[in-house]
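Residues per chain, in single letters:
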Amino acid sequence: MNNVDKIKKFIPIMNEISPTFCMAKWHHTTIYLQTGETHSCYHPRPHKIPLNEIEIDPSALHNTSQKKHERLEMLNGGKPSGCQYCWNIEDLGEDYVSDRKERNAAIHTPERFEQIKTGPWDQNINPEYIEISFGNECNFKCGYCHPKHSSSYHKEIKDFGPYTTVKNHRNDIDWFKVYEEDTNPYVEAWWRWWPEVSKTLNILRITGGEPLLQKSTWRLLEDLDKNPLPNLELNINSNFGVKPLLIDRLIFRANRLVADKKIKDFKIFTSMDTWGKPAEYIRTGLDLELWERNFHQYMKDTGLPLTFMITFNILTVTNFQRLLEKILEWRKMYQFKPRDELYHRVRFDTPYLKEPLQYDMNILPKEDFMPYMYSHLEFIKENTDDSRLDKFSNLEYEKFRRVVDYMETTVYSNEKLKEGRKDFYNWFTEYDHRRGTNFNLTFPGLARFYRTCNHE
Ligand code: SF4
């Protein structure tokens, strides 16, 4: 059974609870300790974790009263508005594989299913998957990121003020508090919850900021060395743009934890939306020379996998193929040993970006830009072969097909287009001014669009 068939097999099983039921709402969570926020999964907007709830029970880092009410809505067949990402895909037709369907298949076990089906709607759940951010310290300030998640971005806003010429993504910083890692009550609650939640946890993913710059990441790696969790898969989202010393330290820790079977598995995830100068433009702070040094060092010195998180956005549309070509190149270089292992070591996923609006591919005129998308899809198709590890898989093709279909079928109102395009021009004009970049030279395929946006 291939992956798509496996996902479809679980649809009728999950429908027994409700046609909108999603196990990720119970078992997947992302928690931002620096601001005290959480969401399940990572698509809905994060919401605040009440401090009084974690004082009573640290599991409220995940089981907030707001989330419990969203679960109740799903149990009753409702569609929580925060999950619009999935409803958009499902509205395209039954054949489309939404993240909800994919996760239901991935998370399902008879025990978890029974607990949710028969337990009270407001029960506390020890999730099987946690994504945790210990702090916002980061050496990058990717344009679509936020000062909540990047100290460099926070500093830029402190120095230059918010982006006042746009309606979307002004990045004001006066309405939220970023806690210092050392004195953060949410970090304290995390370490109180850890002995309990780690007993049943399957996957822990550390995100940022940049995790390799945070003390808690290293504390956790050392803790696992002393108190092994042989069933745990540990993932780290790193920008891989840090000093080589930190990558070498990571290699040492990861190799040791895996070789001594102190954890089940270790995976690195890294963000990259395209390749070359455009990639450096999107992710300010990225130096591809340093990045490649770190990437090759890691791939040579560990036998572990690495996944690219490609957030498909407006700046990816004209030059995505450059990254696809690099992925094929790396797939040739790095495979599991022995080579009969049927999984890629270099992996990627292509979620599409929803906001801010000026980064949303759907503000582009379709007649001019859909041909780029068809061409990328064709490139993937020509290089798809499930029996070869140096090619793309059918699931990767399917996932990108849904991005193309989504762009093809999403039509915004004239008002929304006008707003997005106006913000596009004003945003990148200000961005170039602050960051010393040059949009038109970096994205010649978008230069005409940029100019026309000036007249919206
Ligand atoms: S329905 Fe979709 S957006 Fe909502 S929790 Fe599930 S996977 Fe995430």
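This write-up is about the structure you can find in this document.

1. Things to note about the pairing of strand S7 (residues 229–237)
Burial of S7 is extensive: 7 of the 9 residues sit out of reach of the surface. Sheet analysis places strand S6 (residues 203–207) next to S7, joined by 4 bridges and oriented parallel. Across the sheet, residue Ile206 finds its bridge partner in S7, namely Ile236. In this sheet, strand S8 (residues 263–271) lies alongside S7 in parallel orientation, the contact comprising 6 bridges. Across the sheet, Ile236 pairs through a bridge with Ile268, a residue of S8. Considered for its hand, the β-α-β crossover made up of S7, helix H12 (residues 244–259) and S8 is right-handed.

2. Regarding the packing of aromatic side chains
A full pass over the atoms with the stated rule returns 45 aromatic pairs. An angle of 50° between the planes, with centres 4.8 Å apart, marks the rings of Phe295 and Trp330 as tilted. Residue Phe295 is found in helix H14 (residues 288–301), and its partner Trp330 is found in helix H15 (residues 320–333); the two are separated by 35 residues along the sequence. Note on accessibility: Phe295 and Trp330 belong to one class, buried. For the ring pair Trp427 and Tyr431, a centre distance of 6.1 Å and an interplane angle of 40° mean the geometry is tilted. In this pair, Trp427 and Tyr431 both sit in helix H18 (residues 414–435), 4 residues apart, roughly one turn of the helix. The residues Trp427 and Tyr431 share a single accessibility class, namely buried. Taking NZ or CZ as reference, Arg219 lies 3.8 Å from the ring centre of Trp191, over its face.

3. Some details on the pattern of salt bridges
Per the stated rule, a full pass over the model turns up 34 salt bridges. When the shortest N-O distance is used, the salt bridge between Arg253 and Asp225 registers 3.5 Å. Of the two residues, Arg253 sits in helix H12 while Asp225 sits in helix H11 (residues 215–226), which places them 28 residues apart along the sequence. With respect to class, Arg253 is no different from Asp225; both count as buried. Taken together, the salt bridges that share partners define one network made up of Lys141, Glu156, Glu430, Arg434 and Arg435.

4. Topic: the packing of H14 against H15
At a minimum axis distance of 12 Å, the contact between H14 and H15 shows a crossing angle of 30°. In terms of axis orientation, H14 runs roughly parallel to H15. Where H14 crosses over H15, the two elements pack in a sense that is right-handed. Touching Trp291, Glu292, Phe295 and His296 of H14 are Lys326, Trp330 and Met333, all from H15. Partitioning the contact of H14 with H15 into residue classes produces 4 nonpolar, 1 polar and 2 charged.

Cut-offs and rules
Residues numbered from 1 in each chain as written. Predicted model: local features only at pLDDT ≥ 70, side-chain atom pairs only at ≥ 80, totals over all residues. Heavy atoms only, no water. Buried < 20%, exposed > 50% of the residue type's maximum accessible area, 1.4 Å probe, protein only. Helix = DSSP H or I, 4+ residues; strand = E, 2+ residues; numbered from the N terminus. Pairing = 2+ DSSP bridges. Right-handed = clockwise from strand over helix to strand, strands pointing away. Phe/Tyr/Trp six-rings, centres within 6.5 Å; stacked < 30°, edge-to-face > 60°. Lys NZ or Arg CZ within 6 Å of the ring centre and 35° of its normal. Salt bridge = Lys/Arg side-chain N within 4 Å of Asp/Glu carboxyl O. Axes fitted to C-alpha atoms, helices over the stretch in contact; angles between N-to-C directions. Parallel < 35°, antiparallel > 145°, perpendicular 65-115°, else oblique. Left-handed = near helix turned anticlockwise from the far one by under 90°. Contact = heavy atoms within 4.5 Å. Nonpolar A, V, L, I, M, F, W, Y, C, P; charged D, E, K, R; others polar.

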